[in-house]
Amino acid sequence: MRCLIVEDDPTLAAQLAQAMAEGGFVPDVFHDGRDAEFAGATEPYDVAVLDLGLPGLPGIEVLTRWRAQGVTMPVLILTARGDWSDKVAGFRAGADDYAVKPFRLDEVVLRAQTLVRRAAGHARVVLTAGPLAYDTQLGVITRDGVALKLTPFETRILGYLMHHPDRIVSRTELSEHLYDADSDRDFKSIEVVIGRLRRKIGDGLIETRRGEGYVLRRPA
């Protein structure tokens, strides 16, 4: 899952990026509102963590422009202000949740994970597909109750498929949500990892649709 972090404090931004990465996200960090507005409008992020006090363009204006352009990714706003009117302004601009500084980093990660689940139509913390279960908070995927030995990249791929079961996910979509903006997106690596996942989870749960992508099936 890709996460857009917009925070002008370099230290806090780095802390957020590390916490989100440890929570299973691939973070991209911006410190300026104008750069963030462009990135959020042109890249397929799964969630954004947006500070309101930004140089270049205020966070509320960034969010307003995203929504005006049809950007639907869930947005968690960060603010050092305790005034309820600021939170109301954020929600009216299209925010999905908020955290008031100072906050715990793990709280932000949990809130972001919840927003991603809800955006994909899942209410529960643990996602299931046949014998598979994915604890989105712990980042652990099990088969019949036994934790699978997966690499971080394998977990990200299988986790994304479990957020979007029973629908075709193209290699392009996977690559857009698995790599940060500076990485080379390698389709061949995705194919290799899908092959390894098939051997680890079994039962033909991941289908290949030639020329279209992959489908994670939830057995009836």
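The chain has the name Two-component system, OmpR family, response regulator in an unreviewed UniProt entry, where Paracoccus chinensis is given as its organism.

Enquirer: Before we go on, may I ask you to explain the nonpolar core in this structure?
Expert: Side chains of a nonpolar character, in soluble globular proteins, are inclined to be buried together. Among the nonpolar cores identified, the biggest contains 46 residues, and I157, L158, I190 and I206 are the most heavily contacted of them. Ranked by the residues each element gives to this core, the list is headed by helix α6 (residues 152-163), at six residues. Among the domains, domain 1 (2-120) and domain 2 (126-216) are the pair contributing at least three residues each to this core. Ignoring sequence-local partners within four residues, the contact set of L158 consists of L132, I141, L150, L197, I201 and I206. The next biggest cluster of nonpolar side chains, apart from the first, holds 19 residues, and it includes A48, L54, M73 and I77.

Enquirer: For this particular structure, what's the right way to read the layout of surface pockets?
Expert: Over the atoms rolls a probe the size of a water molecule, and in doing so it shows where empty space is left. Its boundaries defined by the atoms lining it, the largest pocket holds a volume of some 360 Å³. As for the largest pocket, its lining consists of 21 residues, of which G23, G24, F25, Y134 and T155 are closest to the centre. Counting residues per element, the ones that place at least two in the lining of the largest pocket are α1 (10-22), α5 (105-119) and α6. With six residues, the top contributor of residues to the lining of the largest pocket is α6. A breakdown of the residues in the lining of the largest pocket according to their chemical character gives nine nonpolar, nine polar and three charged. The residues that make up the lining of the largest pocket include at least three from each of domain 1 (2-120) and domain 2 (126-216). Considering the residues around the second largest pocket, the lining is formed by G40, A41, E43, P44, Y45, G70, V71, T72, M73 and A119.

Enquirer: Could you clarify how one ought to interpret the pairing of strand β8 (residues 140-143) in this entry?
Expert: On any regular strand, side chains alternate: one points to one face of the sheet, the next to the other face. Summarising the sheet, strand β7 (residues 132-135) and β8 pair through four bridges and their orientation is antiparallel. Pairing of A133 across the sheet is with T142, part of β8. The loop that links β7 with its antiparallel partner β8 comprises four residues; one of these, G139, has a positive phi angle of about 70 degrees. Where β8 and strand β9 (residues 146-147) come together, two bridges link them in antiparallel fashion. Bridge pairing links R143 to V146 in β9. Where β8 hands over to β9, the hairpin turn is made up of two residues, of which D144 adopts a positive phi near 50 degrees.

Enquirer: Help me understand the sheet that holds β7, please; the structure alone is not making it clear to me.
Expert: By definition, the strands of a sheet pair up through backbone hydrogen bonds, in either a parallel or an antiparallel sense. Spatially, four strands are ordered β6-β7-β8-β9 in an open sheet, and the strand pairing comes out antiparallel. Edge positions in the sheet fall to β6 (126-129) and β9, since each has one partner strand and no second. Running at roughly 105 degrees to β7, α6 makes contact with β6, β7 and β8 of the sheet.

Enquirer: Got a minute to help me understand the UniProt feature "modified residue: 4-aspartylphosphate" (unreviewed entry) in the chain in this structure?
Expert: With numbering aligned to this structure, UniProt lists the feature "modified residue: 4-aspartylphosphate" (unreviewed entry) at D51. Take D51: it is sitting in strand β3 (residues 47-51). You can call D51 buried: its relative accessible area is 4%.

Enquirer: When you look at the pattern of salt bridges in this model, what are you seeing that I'm missing?
Expert: Pairs can form between side chains of opposite charge whenever their charged atoms are close. Applying the stated criterion across every chain, the model contains 19 salt bridges. For the salt bridge of E107 with R111, the shortest nitrogen-to-oxygen distance reads 2.9 Å. Of this pair, E107 and R111 both sit in helix α5, four residues apart, which is roughly one turn of that helix. Assessed through its relative accessible area of 28%, E107 is described here as partly exposed. Accessibility expressed as a relative area gives 28% for R111, which makes it partly exposed. One salt-bridge network, in which partners are shared between bridges, spans D166, E207, R209, R217 and R218.

Reading the values: rules and limits
Each chain carries its own residue numbering, running from 1 in the direction its sequence is written. A pLDDT threshold of at least 70 governs which residues receive local features in this predicted model, and a stricter bar of 80 or more applies before side-chain atom pairs are shown or counted, although totals over entire chains, interfaces and linings include all residues. Just so you know, side-chain values use all the structure's heavy atoms and leave hydrogens and water out. Within this scheme, the nonpolar core is defined by two criteria: the residues are buried Ala, Val, Leu, Ile, Met, Phe, Trp, Tyr or Cys, and they are joined through side-chain atoms within 4.5 Å. Only protein chains enter the accessibility calculation, which uses a 1.4 Å probe; a residue is then buried when its area is under 20% of its type maximum, exposed when over 50%, and partly exposed in between. Note on conventions: DSSP H or I runs of at least 4 residues are helices, E runs of at least 2 residues are strands, and numbering of each starts at the N terminus. The source of the domain bounds is an automatic or database domain assignment. Any two residues whose heavy atoms approach within 4.5 Å at even a single point are treated as in contact. Cavities and pockets are found on a 1 Å grid laid over the protein atoms alone: a cavity is a set of points where a 1.4 Å probe fits but cannot escape, a pocket is an open set with protein on both sides within 12 Å along at least five of seven lines, and a lining residue has an atom within 4 Å of such a point. Grid points are joined across faces, edges and corners, and a volume is the space filled by probe spheres set on the points. Each residue is assigned to one class: nonpolar for Ala, Val, Leu, Ile, Met, Phe, Trp, Tyr, Cys and Pro, charged for Asp, Glu, Lys and Arg, and polar for all the others, Gly among them. Any two strands between which DSSP finds at least two bridges are classified as paired. Lines fitted to C-alpha atoms define the axes, with helix axes restricted to the stretch in contact, and inter-axis angles between N-to-C directions lie between 0 and 180 degrees. UniProt positions are given in the numbering used here, feature names are shortened, and annotations may be inferred rather than shown by experiment. The working definition used for a salt bridge is a side-chain nitrogen of Lys or Arg within 4 Å of a carboxyl oxygen of Asp or Glu.

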